[in-house]
Amino acid sequence: MYGGGYIPPEEQGKKIPVDQEDPIKLKEFEDRIERGEKIEPHDWMPYEYRRQLIRMIEQHAHSEIIGSLPEGTWITRSPNFKRKLALIAKVQDEIGHGQLLYSAAETLGKPREQMISDLINGKSKYSNVFNYPAKTWADVAVIGFLIDGAAIVNQLINSKGSYGPYCRALERICYEESFHLKQGHDNLVALATGTPMQRDMLQDAINRWYKPLIHFFGPPDTSSVHSDKLMKWKVKLASNDDMRNQFLDQYVPKIRELGIDFPDPNLRKNPETKSWEFSDPDWDEFYRVIKGDGPCNEERLDVRRWADEHGKWVRDALFNPSEKYRIPLA
Ligand code: FAQ
């Protein structure tokens, strides 16, 4: 019922530190990763690899589902029919990505119901950026171009990783995200080349999304908790700072060529280090937001709780069919 999840009985509910794993199995596993082989759901894997993957894929799945909410509020207020159709399709894609990722996480043994319950009870995290409001139509352009752009940077890199089901899901997601990027860019260019009011609206949206976007790739490498382990096992193929740098490399010029800019006088590429430098992005705010205290955290989770409650009859009908739901056969 929950897919091919497999946790050997001796590992269920039991934490096994990496240094207490069977050294021969661990070496074989790490050698396979070193050779670039994919790990599949029924292969042996250390407890910590499984735990980390579940954490990361589950957070990613929640981010896709919650991520559709800020843009979703603009479907009924899109400026014309063409934009409305494109936005509906885009939001639908994001929900599909969530489903793909939940399936990938299920292959590691965590039931989907548990993941949803951990989300709505505030136990699981999801991306910081979706706890900010989409105040104007320009926010839809910024999400479509810059947040999708940031997500593609992360996902393209990690699609070359070691866990087969996650990598295959990421590859497919990236194809769809590249359409989202075109939709976002088209929208952004229309505003940037529009009336002074439209340009102001776009600049205002970029000003508001800049900090959350810098936060999107996670804390600086020096404060990242999981990177070393995840990079050693090729779940993450670049560090948070490297991904952030790649994003700024690609997107700062694209924004500046439209005569718009990010609201940070210190944002510049250091020609010697080849790294982007920026003002302190207030990491305290990042930690507050991911712990549940952002401008829209409560509102976002309320929507998921509502959906869970109102969708219960569908799950009951599917999984616990009773006389009430049974259609009499002719
Ligand atoms: N937001 O040790 P690290 C999208 C947490 S999809 C919230 O560096 P790690 C599509 C982290 O969980 C967007 N929490 O963590 C779309 C950890 O806390 P924990 C989502 C964050 O895992 C577009 C703590 O901070 N993408 O946008 C964030 O090595 C448009 C310490 O951090 C993914 O999930 C954050 N930004 O690296 C949809 C990609 N960053 O768990 C709709 C997969 C860090 O110990 C519209 N994930 N934290 O309590 C990853 O690549 C990694 O998990 C990172 C973080 C890079 C996000």
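Remember, it's a predicted structure, so these values are computed and weren't measured experimentally.

Undergrad: Before we move on, could you go through the overall build of the protein and cite the residues and values that matter?
TA: Per the secondary structure count, the protein includes 12 helices and 2 strands. Walking the protein from its N terminus toward its C terminus, one meets helices and strands in the order α-α-α-α-α-α-α-α-α-β-β-α-α-α. Within the span of the protein, comprising 330 residues, buried residues form 47% of the whole. Within the structure as shown, the protein displays about 16,900 Å² of accessible surface, and the carbon and sulfur contribution to it stands at 56%. Side-chain charges in the protein split into 46 positive and 51 negative, and the spacing between the mean points of these groups amounts to 2 Å.

Undergrad: Summarise a nonpolar patch on the surface; cite the residues concerned and give the values.
TA: Together, Trp313, Val314, Leu318 and Phe319 make up an exposed nonpolar region whose accessible area comes to about 430 Å². Here Val314 is to be found in helix α12 (residues 312-319).

Undergrad: Talk me through the site of the ligand; I want residue IDs and the actual numbers.
TA: Taken together, 38 residues lie around the ligand, and Lys125, Ser224, Val225, His226 and Lys236 are the ones closest in. In this structure, an oxygen atom belonging to the ligand sits 2.7 Å away from a main-chain N or O atom of Val225. Asn240 places a side-chain nitrogen or oxygen 2.8 Å from an oxygen atom of the ligand. For the ligand, whose accessible area on its own is 1,100 Å², the fraction buried by protein is 92%. Counting only elements with at least two residues in the shell around the ligand, the list comes to α2 (47-72), α3 (81-106), α5 (137-158), α6 (164-192), α7 (196-216), α8 (227-232), α9 (240-256) and α10 (283-290). For the shell around the ligand, the leading source of residues is α2, giving 8 residues. Its residues placed into classes, the shell around the ligand shows 15 nonpolar, 14 polar and 9 charged.

Undergrad: Would you mind going over the pattern of salt bridges in detail, with residue names and values included?
TA: Inspection of every chain in the model, using the stated rule, returns 26 salt bridges. Of the charged contacts, one joins Lys229 and Glu48 as a salt bridge, the two residues approaching to 3.0 Å between their closest N and O atoms. Taken together, the residues Lys229 in helix α8 and Glu48 in helix α2 connect sequence positions 181 residues apart. Because the salt bridges share partners, they merge into one network encompassing Arg32, Arg35, Glu37 and Asp43.

Undergrad: Any chance you could break down the packing of α5 against α6 for me, citing the residues and the numbers?
TA: Close contact between α5 and α6 brings their axes to 7 Å; oriented N to C, the two are set at 150°. Taken as axis vectors, α5 and α6 run roughly antiparallel relative to one another. Both α5 and α6 take part in a crossing whose hand is left-handed.

Undergrad: Explain the packing of helix α4 (residues 112-120) against helix α11 (residues 297-310) to me, and be specific about the residues and the numbers.
TA: Two elements in contact, α4 and α11, have axes whose closest approach is 9 Å; the angle formed by their N-to-C orientations is 140°. Between α4 and α11, the interaxial angle falls into the category oblique. The two elements α4 and α11 meet at a crossing, and its hand is left-handed. Residues Ile116, Leu119 and Ile120 of α4 form the contact with α11, whose own contacting residues are Leu301, Arg304, Arg305 and Asp308.

Undergrad: Kindly report on α2, identifying the contributing residues and their values.
TA: Over its 26 residues, α2 extends 38 Å from the first C-alpha to the last, a length consistent with the 38 Å expected when each residue adds 1.5 Å. For α2, the tally of buried residues reaches 22 of 26 residues, placing the bulk of the element in the interior.

Undergrad: So what's going on with unusual backbone geometry? Residues and values would help.
TA: Residue Lys234 is not a glycine yet carries a positive backbone phi of 55°. Within the secondary structure, Lys234 is located in the loop between α8 and α9. Although it is not a glycine, Lys274 adopts a positive phi angle of roughly 65°. On the secondary structure map, Lys274 appears in the loop between β1 (268-269) and β2 (276-277). What makes Lys274 exposed here is its relative accessible area of 52%.

Calculation rules
- Residues numbered from 1 in each chain as written.
- Predicted model: local features only at pLDDT ≥ 70, side-chain atom pairs only at ≥ 80, totals over all residues.
- Heavy atoms only, no water.
- Helix = DSSP H or I, 4+ residues; strand = E, 2+ residues; numbered from the N terminus.
- Buried < 20%, exposed > 50% of the residue type's maximum accessible area, 1.4 Å probe, protein only.
- Areas by Shrake-Rupley, 256 points an atom, 1.4 Å probe, with all protein chains shown as cover.
- Lys, Arg positive; Asp, Glu negative; His and termini not counted.
- Charge placed at Lys NZ, Arg CZ, Asp CG, Glu CD.
- Patch = residues over 30% accessible without salt bridge, like charges linked within 9 Å, V, L, I, M, F, W, Y side chains within 5 Å.
- Salt bridge = Lys/Arg side-chain N within 4 Å of Asp/Glu carboxyl O.
- Near = heavy atom within 4 Å.
- Polar contact = N/O pair within 3.5 Å; in protein donor to acceptor, adjacent residues only side chain to side chain.
- Nonpolar A, V, L, I, M, F, W, Y, C, P; charged D, E, K, R; others polar.
- Axes fitted to C-alpha atoms, helices over the stretch in contact; angles between N-to-C directions.
- Parallel < 35°, antiparallel > 145°, perpendicular 65-115°, else oblique.
- Left-handed = near helix turned anticlockwise from the far one by under 90°.
- Contact = heavy atoms within 4.5 Å.
- Expected span 1.5 Å × (residues − 1).

Note that every value here comes from positions in space, so none of it alone points to a role or purpose.
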